[in-house]
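Fold and geometry: a report
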Amino acid sequence: MLVHNESITILGAGLTGALLATILAQRGMQVQVIERQQDPRKIDAYAGRSINLAMAARGMNGLAVAGLNDAVAPLLCPMPGRLLHNSDGTQHFQPYSAHEHELNYSVSRAGLNAILLEAAEQAGAEFRFGQRCVDFDPTENRLTLEASDSDTPHRYSLATARLIAADGAGSPVRRAMAPLPGFDFEESLLDHLYQEIAIPPKDGQFAMEAEALHIWPRGGYMFIALPNPERDFTGTLFMKATAADDEPSFQWWQDPERAARWFETTFPDVPALVPDLADQLQNNPTGVMGTVRCNRWHLEDRILLIGDAAHAIVPFHGQGMNAAFEDCAAFSALLDTASDWRDLFQRFSAARVPNANAIADMALENYVEMRDTVRDPKFHLKKALAFELERLAPDQFISRYAMVMFHADIPYATAQERGRVQAQLLDRWTRRHEVISDIDLGKCLREAREALPAL
Ligand code: FAD
């Protein structure tokens with residue numbers, strides 16, 4: 001049996017570290033959380049970082065383990081589907097699911113983090129803000145920290161019995177583990193960047209349809225916008241960092257007039273909503289995105305990676321935080337059954353790595369779907385057919401998107417595998433048809449049953 005009153009050190013008080021701290025402290029463990037930033041409840045720690053996030057079933061499940069769904073509910077803006085803003089000025093709403101009750105929600109990163117920090121403190125976790133990890137010795141489990149919480153910044157070393165690294169995509173702990181035999185990881189940066197553009201309320205109201213994730217798909221790049229409870233939207237432009245001069249890329253930002261002209265002609269309904277668009281294009285920071293894959297997430301019973309530190313993914317499935325909260329729920333469940341910490345870390349890592357790899361792949365694929373495939377009429381026919389089959393036989397056919405977003409009981413790896421087979425079937429079923437009424441749904445279901453086990 002695990003000893004529940006022992007000490008755990010968590011590095012990173014972001015979304016994952018704060019939720020895990022809450023769950024462990026609620027179980028009576030002595031949790032100490034080390035964070036490089038000052039307390040984000042007291043300063044604007046989020047300047048330049050994604051302001052809102054899509055939350056779905058896996059994220060909600062993680063929050064439920066800590067009993068936090070009610071506390072987070074006021075922060076949630078429902079998004080039942082995508083609203084596509086086409087180049088010809090038309091708009092097309094596409095529901096996310098065959099079922100009305102299946103929704104995504106937009107949630108403020110800062111608001112969510114504040115609730116998690118509050119909950120962790122209430123449960124007894126101790127936070128040490130303004131302490132940056134500048135080195136980690138994995139053989140001794142020793143952190144070197146730089147304290148910026150006093151007038152005289154200084155370095156000191158902190159020995160930890162058990163360290164859980166929730167220190168994000170650039171995790172210094174993961175990088176320090178690189179030389180260890182049997183530990184391998186890969187970091188790959190996307191050659192696209194993102195830039196956020198704030199879309200303020202208009203006359204005190206949402207400037208566009210509130211209950212949707214807005215997408216302007218343009219092939220090689222896209223602009224999206226998610227609603228916030230304050231009735232503004234956070235828009236994000238995703239585009240190549242560099243390209244040949246005749247292809248749009250953030251290189252064009254070196255010429256502010258060219259950038260503004262291009263933006264205005266490419267997303268023509270946006271400029272009227274953003275009075276200071278040219279300023280924002282010029283001054284808002286750009287961010288990088290990437291994927292981290294590790295062959296395992298632990299060392300013995302001493303070190304564990306979790307959240308983005310273990311499996312950062314690109315944001316196009318809206319699943320990075322959701323996957324991290326699913327980590328926390330899985331970790332919590334193992335606390336009840338693991339024989340000791342080594343067993344827990346080993347089982348956690350073995351169960352989570354294949355699922356993290358699966359969502360990493362699907363997130364990369366979803367970029368192409370969001371910016372390009374959604375423009376293809378065949379894509380809409382396939383979606384409509386998938387929804388129809390799901391309504392008729394939900395134990396047999398659920399779209400891959402819905403499995404990922406709304407079915408936390410279906411592991412990511414299963415969603416990926418079934419999704420592969422379903423994509424081939426949907427290709428075949430729609431190849432010679434333009435409308436759903438021409439398709440033999442009974443035959444589709446029979447073939448789905450032959451190709452896939454029931455869910
Ligand atoms: P982080 O949020 O990176 O937190 C790590 C923490 O560790 C930070 O507080 C950091 O200050 C601290 N830290 C780092 N280094 C040190 C150090 N050396 N010493 C001490 N402390 C340190 N996910 C979704 O589910 N839905 C979405 O819609 C979504 N949209 C996104 C959009 C964008 C543009 C981006 C970039 C990401 C998006 N994500 C989304 C992913 C989501 O933001 C991450 O998965 C999530 O933030 C991971 O949380 P984390 O706590 O593991 O890592």
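Whatever comes next refers back to the structure up there.
Quantities reported herein were computed from a predicted structural model and do not represent experimental measurements. (Residues numbered from 1 in each chain as written. Predicted model: local features only at pLDDT ≥ 70, side-chain atom pairs only at ≥ 80, totals over all residues. Heavy atoms only, no water.)

The subject of this paragraph is the site of the ligand. The environment of the ligand is made up of 30 residues, and the closest members are Thr16, Glu35, Ala54, Arg109 and Asp308. Within the side chain of Arg109, one N or O atom sits 2.5 Å away from an oxygen atom of the ligand. Interatomic distance of 3.2 Å between a backbone N/O atom of Gly318 and a nitrogen atom of the ligand. When the ligand sits alone it has 1,000 Å² of accessible area, and the protein chains cover 90% of it. Listed by contribution, the elements that provide at least two residues to the shell around the ligand are helix H1 (15-26), strand S3 (52-55), strand S9 (131-137) and helix H9 (320-337). Its residues placed into classes, the shell around the ligand shows eleven nonpolar, twelve polar and seven charged. (Near = heavy atom within 4 Å. Polar contact = N/O pair within 3.5 Å; in protein donor to acceptor, adjacent residues only side chain to side chain. Areas by Shrake-Rupley, 256 points an atom, 1.4 Å probe, with all protein chains shown as cover. Helix = DSSP H or I, 4+ residues; strand = E, 2+ residues; numbered from the N terminus. Nonpolar A, V, L, I, M, F, W, Y, C, P; charged D, E, K, R; others polar.)

All right, on to the environment of Lys443 then. By the element assignment, Lys443 lies in helix H14 (residues 441-451). Note: C-alpha distance between Lys443 and Trp429 (14 residues apart in sequence) is 9.4 Å.

A word on the environment of Ala18. Its location among the elements puts Ala18 in helix H1. Ala18 sits 37 residues away from Met55 along the chain, and the two C-alpha atoms are 16 Å apart. Non-local contacts of Ala18, meaning those with residues more than four positions away in its chain, are made with Ala13, Asn113, Leu116, Leu117 and Ala120. (Contact = heavy atoms within 4.5 Å.)

Moving on, we come to the layout of surface pockets. Gaps between atoms show up when a probe of the same size as a water molecule is rolled over them. Roughly 550 Å³ of volume is contained in the second largest pocket. Along the wall of the second largest pocket there are 21 residues; nearest its centre are Glu369, Phe379, Arg400, Ala423 and Leu426. Of all the secondary structure elements, the ones that give two or more residues to the lining of the second largest pocket are helix H10 (341-371), helix H11 (377-392), helix H12 (400-406) and helix H13 (412-430). If one sorts the elements of the lining of the second largest pocket by residue count, H13 sits on top with six residues. Counted by class, the lining of the second largest pocket contains six nonpolar, six polar and nine charged residues. (1 Å grid on protein atoms, 1.4 Å probe; cavity = no way out; pocket = protein on both sides within 12 Å on 5 of 7 lines; lining within 4 Å. Points joined across faces, edges and corners; volume = space filled by probe spheres on them.)

Our focus in this paragraph is the sheet that holds S3. One open sheet holds the three strands; their spatial order is S3-S7-S4, and the pairing between them is antiparallel. Each of the sheet's edge strands pairs with one partner strand only, and the pair in question is S3 and strand S4 (77-79). For this sheet, the mean angle separating the axes of adjacent strands, direction not counted, is 30 degrees. Contacting S3 and strand S7 (104-108), helix H4 (residues 109-123) crosses the sheet at an angle of about 75 degrees to S7. (Pairing = 2+ DSSP bridges. Axes fitted to C-alpha atoms, helices over the stretch in contact; angles between N-to-C directions.)

With that settled, the discussion passes to the packing of aromatic side chains. Taken as a whole and judged by the stated rule, the model has 24 aromatic pairs. Aromatic side chains Phe223 and Phe263 sit 5.3 Å apart centroid to centroid with 85 degrees between the ring planes, which places their arrangement in the edge-to-face category. Taken together, the residues Phe223 in strand S15 (residues 222-227) and Phe263 in helix H6 (residues 256-266) connect sequence positions 40 residues apart. Here Phe263 falls in the buried class, since its relative accessible area comes to 0%. Ring centres 5.0 Å apart and planes at 70 degrees place the aromatic pair Phe238 and Phe316 in the edge-to-face group. Pair noted here: Phe238 is in strand S16 (residues 233-240) and Phe316 is in the loop between helix H8 (308-311) and H9, with a separation of 78 residues, a long-range link. Phe316 shares its class with Phe238; the two are buried. (Phe/Tyr/Trp six-rings, centres within 6.5 Å; stacked < 30°, edge-to-face > 60°. Buried < 20%, exposed > 50% of the residue type's maximum accessible area, 1.4 Å probe, protein only.)

Looking now at the state of the cysteines. By definition, a disulfide links the sulfur atoms of two cysteine residues through a covalent bond. In this structure the tally under the stated criterion is zero disulfides. Cysteine Cys133 is unpaired, with the sulfur of Cys294 as its nearest cysteine sulfur at 16 Å. The class of Cys133 is buried, set by a relative accessible area of 11%. (Disulfide = S-S within 2.5 Å.)

Okay, the pairing of S16 next. Where burial is concerned, most of S16 is hidden: seven out of the eight residues are buried. Pairing analysis gives eight bridges linking strand S13 (residues 185-199) to S16, with the strands arranged antiparallel. For Ala198, the partnering residue across the bridge sits in S16 and is Thr234. As defined by bridge partners, S15 adjoins S16 across six bridges and the pair is classed as antiparallel. Its bridge partner being in S16, Leu226 is matched across the sheet by Thr234. Hairpin connection, S15 to S16: the antiparallel pair is bridged by five residues, and Arg231 has positive phi, about 70 degrees.

Turning next to the nonpolar core. Within soluble globular proteins, side chains that are nonpolar tend to cluster in buried spots. Ranked by size, the top nonpolar core spans 72 residues in total, and within it Ile10, Leu24, Leu112, Val173 and Phe331 carry the most contacts. If one sorts the elements of this core by residue count, H1 sits on top with eight residues. If we ignore the near neighbours within four places in the chain, the residues touching Leu24 are Ile8, Ile10, Met29, Val31, Ile164, Phe331 and Leu335. Listed in part, the 36 residues of the second largest apolar core include Ala54, Phe238, Ile359 and Met405. (Core = buried A, V, L, I, M, F, W, Y, C linked by side-chain atoms within 4.5 Å.)

Attention shifts here to the packing of H1 against H9. Where H1 contacts H9, the axes come no closer than 10 Å and their chain directions differ by 20 degrees. Viewed along their axes, H1 and H9 adopt a mutual orientation that is roughly parallel. For the pair H1 and H9, the sense of crossing is right-handed. Contacts from Leu15, Thr16, Leu19, Leu20, Ile23 and Leu24 in H1 reach Met321, Ala324, Phe325, Cys328, Phe331, Ser332 and Leu335 in H9. Across the contact of H1 with H9, the residue classes tally to eleven nonpolar, two polar and no charged. (Parallel < 35°, antiparallel > 145°, perpendicular 65-115°, else oblique. Left-handed = near helix turned anticlockwise from the far one by under 90°.)

Honestly, it's all geometry; don't read function into it.
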